[in-house]
Amino acid sequence: MSHTAGIRQTQKLKTRQALLDAALRLLEHQSLSSLGLREVTRAVGVAPAAFYRHFTDLAELGVALVEEALGSLHGLVAELLAETGDAEVRITRTVDLIARHVRTQPAHFRFIARERHGGSGRVRAAIATQLDAFTDEVARAFAAEPGSQGWTDADLHMLAGLCVEHMVLTASAFLSAYEAETSGDPGAADEQEIARTARNRLRIVTLGRRHWLEDDVFGAHD
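What counts and how
Residues numbered from 1 in each chain as written. Predicted model: local features only at pLDDT ≥ 70, side-chain atom pairs only at ≥ 80, totals over all residues. Heavy atoms only, no water. Helix = DSSP H or I, 4+ residues; strand = E, 2+ residues; numbered from the N terminus. Buried < 20%, exposed > 50% of the residue type's maximum accessible area, 1.4 Å probe, protein only. Contact = heavy atoms within 4.5 Å. Areas by Shrake-Rupley, 256 points an atom, 1.4 Å probe, with all protein chains shown as cover. Lys, Arg positive; Asp, Glu negative; His and termini not counted. Charge placed at Lys NZ, Arg CZ, Asp CG, Glu CD. Core = buried A, V, L, I, M, F, W, Y, C linked by side-chain atoms within 4.5 Å. Axes fitted to C-alpha atoms, helices over the stretch in contact; angles between N-to-C directions. Parallel < 35°, antiparallel > 145°, perpendicular 65-115°, else oblique. Nonpolar A, V, L, I, M, F, W, Y, C, P; charged D, E, K, R; others polar. Salt bridge = Lys/Arg side-chain N within 4 Å of Asp/Glu carboxyl O.

(A) The overall build of the protein chain, seen in detail. Helix and strand counts for the protein chain come out as 11 helices and 0 strands. Order of helices (α) and strands (β) in the protein chain, N terminus to C terminus: α-α-α-α-α-α-α-α-α-α-α. Counting only residues that meet the buried cut, the protein chain has 39% of its 222 residues in that class. In the protein chain, 64% of the contacts between residues at least 6 apart in sequence involve partners at least 24 apart. In the form shown here, the protein chain has an accessible surface area of approximately 12,500 Å², with 55% of it arising from carbon and sulfur atoms. Averaging the positions of the 24 positive and the 30 negative side-chain charges in the protein chain gives two centres separated by 10 Å.

(B) Fine view of the nonpolar core. Among the nonpolar cores identified, the biggest contains 55 residues, and Leu61, Leu65, Val66, Phe111 and Phe174 are the most heavily contacted of them. With 10 residues, the top contributor of residues to this core is helix H9 (residues 153–182). Sequence-distant contacts of Leu61, that is, excluding residues within four places in its chain, are made with Leu19, Leu20, Ala23, Phe51 and Phe55.

(C) Quick peek at the packing of H9 against helix H10 (residues 191–211). The contact between H9 and H10 brings their axes to 10 Å, and the two run at 175°. Between H9 and H10, the interaxial angle falls into the category roughly antiparallel. Across the interface between the two elements, Leu159, Leu162, Cys163, His166, Thr170, Ala173, Phe174, Ala177, Tyr178 and Glu181 of H9 pack against Glu191, Ile194, Ala195, Ala198, Arg201, Leu202, Val205 and Arg209 of H10. Tallied by class, residues from the contact of H9 with H10 come to 12 nonpolar, 2 polar and 4 charged.

(D) Spatial organisation of the pattern of salt bridges. Within the structure shown, the criterion is met by 10 salt bridges. Across the pair Arg110 and Glu179 runs a salt bridge, and its minimum N-O distance is 2.4 Å. Linking Arg110 in helix H7 (residues 106–115) with Glu179 in helix H9, this pair joins segments that are 69 residues apart in sequence. Note on Glu179: relative accessible area 28%, which makes it partly exposed. The salt bridge partner of Arg116 is Glu165, with a shortest N-O separation of 3.0 Å. Residue Arg116 is found in the loop between H7 and helix H8 (121–143), and its partner Glu165 is found in helix H9; the two are separated by 49 residues along the sequence. Via salt bridges that share partners, Arg90, Glu145 and Arg209 belong to a single interconnected network.

(E) How the structure looks around the side chain of His101. Along the chain, the position of His101 falls in helix H6 (residues 87–104). Relative accessible area serves as the criterion here: at 13%, His101 is assigned to the buried category. Apart from residues no more than four positions distant in its own chain, His101 is found in contact with Leu73, Leu76, Pro106 and Phe109.

Structure follows, in structure tokens:
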């Protein structure tokens, strides 16, 4: 690649990232379906036609935001799942990871929380794909553990889905507390209490996992 071509490519990437960043800021108080393309390009200082050099439409930009928000978490989740030893350590690290990322990337989590059931089908599908990928990763990690001997693939996937859904709900709770705190709301939820509840729920899941194969507890599974 020539020096000039390299400069053009670098500038193109910078403009693309600027569009993503501007959209994320504008989405703080509105949904993607209400966001205007000209609103985004005006915030970046480029002509509307420049938008189409990077995205076909705002839905594609939204999909890119999903990948930016959740894609980077896969490595961290994999590292967390590789944690061996006491289950309590994994539970604590899981909740701490969620709390830390919500505080450092509130705009991304706000976008995911709003758009998961929002107006763009493509964005909803992108979020679902990312969460399904997390579920598959967790299920594979569980399958490799001695405690999963005798479990069916379907049950392991069900357990993984329960854990991922719990992580999403916990992130939403942390996000609500963070936003209330930053807005000066005196009724802001206590993050320590949210963390305690999240850990206890994971402990219940862990306890249930240990006894899932004991048919005499609840009778044969459906």
